[in-house]
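Structure at a glance
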Amino acid sequence: MKAQLETIYNSAKTDIANATSINDIEDIRLKYLSRKGEFNSIKKGLKDLSDEDKRTVGAFANQITIDLENLLKEKHDAFYQKELNEKLQKDKIDITLSGKYTPVGKVHPITSTTNEIVSIFQNLGFSLLSPDLSPEVETEYINFDMLNFPEDHPAKDMQDTFYTKLAPNTILRSQTSGAQIRAMAGKNPPIKIIAPGRVYRNETVNARKNNFFHQIEGLYVDKNITFGDLKGVLNEFIRLYFGSSRPTRFRSSFFPFTEPSAEVDVQCIMCQGKGCRTCSGTGWLEVLGCGMVDTNVLKNVGIDPEVYSGFAFGMGVERLSMLKYAIDDIRLFFNNDKRFLEQF
């Protein structure tokens, strides 16, 4: 039996010496040292030996088993290290090379301007109206009639307003002012909200106008609200948004849903008030319309104008962004030109 063990041992050493990979080492381990391997098959015959032979042969079998395990481990480790070095050599990274540039998206200037305006008014105590109360697809009734537009007002003409085929008298809203109606209907003052969103008008597209753009509507209704409160809020907004150095002016205007009404102009940053194509040579750009909420509008939503008063305003986000960042053409916001967008 001892001679058999020596023969198997020598055969195993030869196989180990000739192995060329980790897989070969594992095959040799299974061949000689597994439960069904050759060494275990021989060891099963130990029970038939005398006690003296059992001690001698058993010790010899254990020793060559340990020797083979050490040889297998040594060879396995050598192959593992070799394969690891080859992999590291193949997959190595030259850290002195410059990395690959991955472009990162930026916040669109319309979005960043909207967020800044909303933040300013929230700090002034205004709440953001839920988008559900300020839909882009609106009824003519909310967009015009409830806002005190007369039946024959030219804004209702199809050449000025986009009518849809979703339902009769359904339009793409021409102003965010409909948010006033939805904010006030069935509510009790005080009401102090802002509502940003897109609006659509059948305008001729040029450097100052587009057929869709963005507005932010504001409304404040409570007891004893005056035009002075309106001017105070808007002056503070302009100071916070532009800084105190930007010249502005209030001038009287007319809107069916406010009385008295006004518009606010900001000096054109492109020409410093001297006149250019962006401001049509006037030196000023209108940024918002405002006024005291007309008593008829308050009555339409069930608010007593003898007890409550309020002011409203609607500002153009594109105009405000143009004046802050010296953008001379409103169409740049919508052309998706990376050269323009990457500046922000």
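Everything below is about the structure printed above this text.
Presented here is an overview of the structure given in this document. Note that the structure is predicted; figures quoted are calculated from it, not measured. (Residues numbered from 1 in each chain as written. Predicted model: local features only at pLDDT ≥ 70, side-chain atom pairs only at ≥ 80, totals over all residues. Heavy atoms only, no water.)

**Focus: the packing of aromatic side chains**
In plain terms, the rule: Note on aromatic contacts: the rings of Phe and Tyr and the six-membered ring of Trp form a pair at centre separations within 6.5 Å, being stacked when their planes are under 30 degrees apart, edge-to-face when over 60 apart, and tilted otherwise. Comment: elements are numbered from the N terminus, with helices defined as DSSP H or I runs of at least four residues and strands as E runs of at least two. Residue exposure (1.4 Å probe, protein chains only): buried if accessible area is under 20% of the type maximum, exposed if over 50%, otherwise partly exposed.
Under the counting rule described, the total for this entry stands at 18 aromatic pairs. On the numbers, 6.1 Å between centres and 70° between planes, the contact of Phe126 with Phe313 is edge-to-face. Here Phe313 lies in strand E9 (residues 309-316) and Phe126 lies in the loop between helix H5 (109-123) and strand E1 (127-128), a separation of 187 residues in the sequence. Across this residue pair, the class does not change: Phe126 and Phe313 are buried. When the ring of Phe311 is compared with that of Phe313, the centres are 6.4 Å apart and the planes differ by 25°; the resulting orientation is stacked. On the basis of relative accessible area, Phe311 is assigned to the buried category, the value being 0%. An aromatic cluster of three or more residues is present, and its members are Phe121, Phe126, Tyr220, Phe237, Tyr241, Phe242, Phe311 and Phe313.

**Comments concerning the pattern of salt bridges**
Worth spelling out the cut-off: Definition used for salt bridges: Asp or Glu carboxyl oxygen within 4 Å of a side-chain nitrogen of Lys or Arg.
Applying the stated rule across the entire model yields 12 salt bridges. Of the charged contacts, one joins Glu26 and Arg29 as a salt bridge, the two residues approaching to 3.8 Å between their closest N and O atoms. One end of the pair is Glu26 and the other is Arg29, both in helix H2 (residues 22-33) and three residues apart, which spans about a single turn. Classification of Glu26 by relative accessible area gives partly exposed; the value is 38%.

**Structural notes on the sheet that holds strand E8 (residues 284-293)**
Worth spelling out the cut-off: Two strands make a pair as long as DSSP finds a minimum of two bridges between them.
An order of E1-E4-E5-E9-E8-E7-E6 is seen for the seven strands of this open sheet, with the pairing classed as mixed. Bordering the open sheet on either side are E1 and strand E6 (248-255), each of which pairs with just one other strand. Two strands pair when backbone bridges link them, and strand E5 (residues 212-222) and E9 are joined in this way by eight bridges, in the antiparallel orientation. Across the sheet, the residue bridging to Asp222 is Ser309, located in E9.

**Some details on the state of the cysteines**
Covalent bonding between the sulfur atoms of two cysteines is what defines a disulfide. Which entries qualify depends on this criterion: By definition, disulfides here are pairs of cysteine sulfur atoms that lie within 2.5 Å.
Enumeration over the complete set of coordinates arrives at zero disulfides. Lacking any disulfide linkage, Cys268 is separated from the closest cysteine sulfur, that of Cys276, by 3.7 Å.

**Some words on the side chain of Glu217**
Condition: Positive: Lys, Arg. Negative: Asp, Glu. His and the chain ends are not part of the count. Any two residues whose heavy atoms approach within 4.5 Å are treated as being in contact.
Its place among the elements puts Glu217 in strand E5. An unpaired buried charge is present at Glu217: no salt bridge exists, and Arg201, the closest side chain of opposite charge, is 8.1 Å distant. In contact with Glu217, not counting residues within four places along its chain, are Thr176, Ser177, Gln180, Ile193, Ile194, Ala195, Ala312, Phe313 and Gly314.

**A word on the pairing of E8**
Most of E8 is tucked away, with nine of its 10 residues classed as buried. Bridging between strand E7 (residues 258-267) and E8 involves eight bridges; their strand directions are antiparallel. Residue pairing for E8: Gln267 is matched across the bridge by Trp284. Of the pairings in the sheet, the one linking E8 to E9 comprises five bridges and is antiparallel in character. Across the sheet, residue Gly289 finds its bridge partner in E9, namely Gly314.

**Focus: the nonpolar core**
Which entries qualify depends on this criterion: Only buried residues count toward a nonpolar core, which is a set of Ala, Val, Leu, Ile, Met, Phe, Trp, Tyr and Cys residues joined through side-chain atoms within 4.5 Å.
Formed by 39 residues in total, the largest nonpolar core has its most connected members in Phe121, Phe237, Phe311, Phe313 and Met315. Listed by contribution, the elements that provide at least two residues to this core are H5, E5, helix H8 (227-242), E7, E8, E9 and helix H10 (317-325). Ranked by residue count, the leading element in this core is H8, at seven residues. In contact with Met315, not counting residues within four places along its chain, are Ile117, Phe121, His214, Gln215, Ile216, Phe237, Val287, Leu288 and Leu320.

**Quick look at H2**
Quick reminder of the rule: One less than the number of residues in a helix, times 1.5 Å, gives the span that helix is expected to have. Taking the helix axis as origin, the arc is that swept by the directions to the C-beta atoms.
With 12 residues, H2 ought to run about 16 Å at 1.5 Å a step, and its terminal C-alpha atoms sit 16 Å apart, in line with that. Looking at H2, one finds that the buried residues are Ile22, Ile25, Ile28, Tyr32 and Leu33. Down the axis, H2 shows its buried residues gathered within 115° of arc, on one side only.

**Notes on the side chain of Arg173**
Basically, it comes down to this: For this analysis, a polar contact is any N or O atom pair within 3.5 Å, provided that within protein one partner can donate a hydrogen and the other can accept it, and provided that sequence-adjacent residues contribute only side-chain to side-chain pairs.
Mapped onto the elements of the fold, Arg173 is located in the loop between strand E3 (170-172) and helix H7 (178-184). No salt bridge is formed by the buried Arg173. Its closest oppositely charged neighbour is Glu136, at 5.1 Å. Polar side-chain contacts of Arg173 include one of 2.7 Å to the side chain of Ser134. Setting aside anything within four residues of it in sequence, one finds Arg173 in contact with Ser134, Pro135, Glu136, Glu138, Asn143, Pro196, Gly197, Arg198, Val199 and Tyr200.

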